[in-house]
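Residue strings, one per chain:
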Amino acid sequence: MNWGSASEFFAMGGHAFYVWGSYGVTTVFMVAEVVLVVRRKRTITQRLGRMLRMRIGGKHEAQT
Amino acid sequence: MWAVFQCVVRRDLTLAMRRRADVLTTLFFFVIVVSLFPLGVGPEMDILRMMGAGVVWVAALLASMLSLGRMFSADYADGTLEQMVLSPQPLTLLVLGKVLSHWLTSGLPLVLIAPLLGIQFGLSTQALLILVMALLLGTPVLSLIGAVGAALTLGLRGGGVLVSLLVLPLYIPVLIFGAGAVDASMSGLAAQAHLALLGAFLAPALVFAPWATGWALRISLD
Amino acid sequence: MGLNLNWFKYSSPATFYPLAGKMIPYFAGLAVVLTVIGLYLGFFVAPTDFKQGEGYRIIFIHVPAAWMSMLIYVVMAVYAGVGLVFNTRLSSLMAYALAPTGAMFTFLALWTGALWGKPMWGTWWVWDARLTSELILLFLYIGFMSLRAAIDDPRRAARASGLLAIVGVINVPIIYKSVEWWNTLHQGATVTISSGTSMESTMLTAMAVMVFAFWMYTIAVVLVRVRCEMLEAEQHTDWVADAVREGK
C-alpha cells in the first residue's frame, strides 16, 4: 500500500491532472459507449415490436 | 490484348484533350497551392528551402486526388464502364489503361512543372533533379491507389470528399519517402534509398492496384 | 461417424443471435471484475516508478488501449475480408460492430498518450513514430466507417467496406514501417515511450490484467452492437419477429 492518505492518492505525486485526466476520459468514453449501444439495442427492439404489432393488427382487420 | 489497352489509353487521352480545362485545372490547382505557402510562411529563403519538398509533395497528393473523381465517373454515367466490365478482355488491363491515362493527364504535368515551383522554394538543381525523379516514381502510385478509392466510391453522393478520406492514409508512405528523398539529398545524404523504396511501392501497386480496382468496380456496378 | 461439426451453424444470424445474447452477461461481468483487479493492482500494489514517479500509472490504460486499437483493426479486417470472400452477411456485420470500439480505443490511446507525454516529454503531442501511426490508424477507422455509411445498398456496402478493410490492413505494416523510418531519420529515436526501464513484475501483471479486461469489454460491447446490426439488417425475417416478440 503506497498511499499514506486519500488526499495523497488523489494528488498522484503531482501528476494528478494527467493521471486522472486520462483515466477520467477513458471511463467517460467507455461508459458512454456501453450506454449508447444498450440504448440503441432497446430502441431497435421497441421499434421492431411496434412494426410487428402494426402488421399483425393489419392482418386481423383483413381477416375479420 | 494490348490493342485494347492502347485503345483505352488513346480514347481517354482524346477525351481529356477535348476537355482540356480539366487537365489544366489540376495543374493550376497544384501551382496555386504551392505558391500559397510562401505567402503564409514568410519569404525567408532558408525556411522555404527546408519545407519546399514537403509542400510540393503534399500539393501533388491533393492535386492528383482532386482529379480521381473523373477517372470513372464519365464512363459510369453513360454506361461504358459496364461494357468494359462485361468485355471479354481482362478488366485489370482496362483499368491499367484508365489509370495510365489519368496519370498522363494529372500526374505527369505535375512532374514537369515541379522544378519550376521548386525554384520558388530555392531548391538547388541537384535537389530539383531528385524531386522530379521522386515525383516520377511517386505520382503513378498515387494514381494507382487512388483508382481503388475512386472505384469504391463510384456514384456515391459526396464521393469526392469520401475518396480523400479513404485514400490519403494510404498515400502517406509515398509522401514520406518522396519528400524524404529531397531532404536527404539536400542534407548531403544519398537519396537512392528513398527512390528505391518509392520504386518498391510502385512495383506491387502496379500489380495489385488494378486488380483491386477491378474487384471494386464489380462491387460498385453489380 | 466422425466429427461433422457444421462450421457454418453459428454463422447464420438466426442461430448466432441467441448465442450472443447468452454470452454477453458473462463477458460483461468478466470485464468489470478484471478491470477492478487491474486497477487495484495498478494503483495499490505496483510501486512508484523511480524515474517517472506516479505519472507512469497511465500506462495501465494507455498500452492496453493502443494494443486493442491495433488488434481490433486486424480482427475487423479479417471479418470484413471473410464477409467479402464468402459472402456471409454476419461477418460483415461483425466488422461493422468492431469498428466504433476500435476507433474509440485509438482515440483513447492518443489521448492518454498525449496526457502521459506532457509530464514526461513536456509537450502534448510529439511526432513519435508510434503516436503518428496511431493517428493514421484512426483515419483508417474513420475511412472504413464513412465508406459504409455512404453506401445505401447493404450488399454493396458490405463488399465495398470489405475490400477497403483488406487494402487497409495490407498497408498498415507499410505505414508503420515508413513512419518509424521517417521518425528516426528526422530527429533520431531520442524520444521513446520507455514503458518502465525493467518492467517491475507487479506493473506487468497489472497491465496484463487490464489488457484482458479490455478484451472482455470489447467482446461484450461488440456482441451487443452486432445484435443491433443483425436486427436492423434482417428486420423482415421471421426469426427477428420471434426474437422481438419474446423481447430478447
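Summarised in this report is the structure supplied together with it. (Residues numbered from 1 in each chain as written. Chains lettered and ligands numbered in written order. Predicted model: local features only at pLDDT ≥ 70, side-chain atom pairs only at ≥ 80, totals over all residues. Heavy atoms only, no water.)

1. Section: the environment of Ala150 of chain B
Residues and elements named next belong to chain B.
Consideration 1: By the element assignment, Ala150 lies in helix H8 (residues 125–152).
Consideration 2: Take Ala150: its relative accessible area is 7%, and that puts it in the buried class.
Consideration 3: Measuring from C-alpha to C-alpha, the distance between Ala150 and Leu217 comes to 9.1 Å, with 67 residues separating the pair along the chain.
Consideration 4: In this structure Ala150 touches Leu68, Phe72 and Val163, once residues within four positions along its chain are discounted. (Helix = DSSP H or I, 4+ residues; strand = E, 2+ residues; numbered from the N terminus. Buried < 20%, exposed > 50% of the residue type's maximum accessible area, 1.4 Å probe, protein only. Contact = heavy atoms within 4.5 Å.)

2. Regarding the packing of helix H6 (residues 91–106) of chain B against helix H7 (residues 108–120) of chain B
All names here are of chain B.
Consideration 1: Packing of H6 against H7 leaves a shortest axis separation of 3 Å and a crossing angle of 30°. Between H6 and H7, the angle is such that the two are roughly parallel. Contacts between H6 and H7 pair Trp103, Leu104, Thr105 and Ser106 from the former with Leu108, Pro109 and Leu110 from the latter.
Consideration 2: Its residues placed into classes, the contact of H6 with H7 shows five nonpolar, two polar and no charged. (Axes fitted to C-alpha atoms, helices over the stretch in contact; angles between N-to-C directions. Parallel < 35°, antiparallel > 145°, perpendicular 65-115°, else oblique. Nonpolar A, V, L, I, M, F, W, Y, C, P; charged D, E, K, R; others polar.)

3. Concerning the interface of chain C and chain A
Consideration 1: Between chain C and chain A, the residue contacts involve 44 residues of the former and 32 residues of the latter.
Consideration 2: Between chain C and chain A, roughly 3,300 Å² of surface is buried when both sides are summed, and carbon and sulfur atoms account for 73% of that area.
Consideration 3: Of all residues in chain C, the largest losses of buried area upon contact with chain A belong to Phe43, Phe44 and Glu54 of chain C, amounting jointly to 17% of the total for that side.
Consideration 4: Taken together, the links from chain C to chain A amount to three salt bridges. (Buried area = accessible area lost by both parts, 1.4 Å probe. Salt bridge = Lys/Arg side-chain N within 4 Å of Asp/Glu carboxyl O.)

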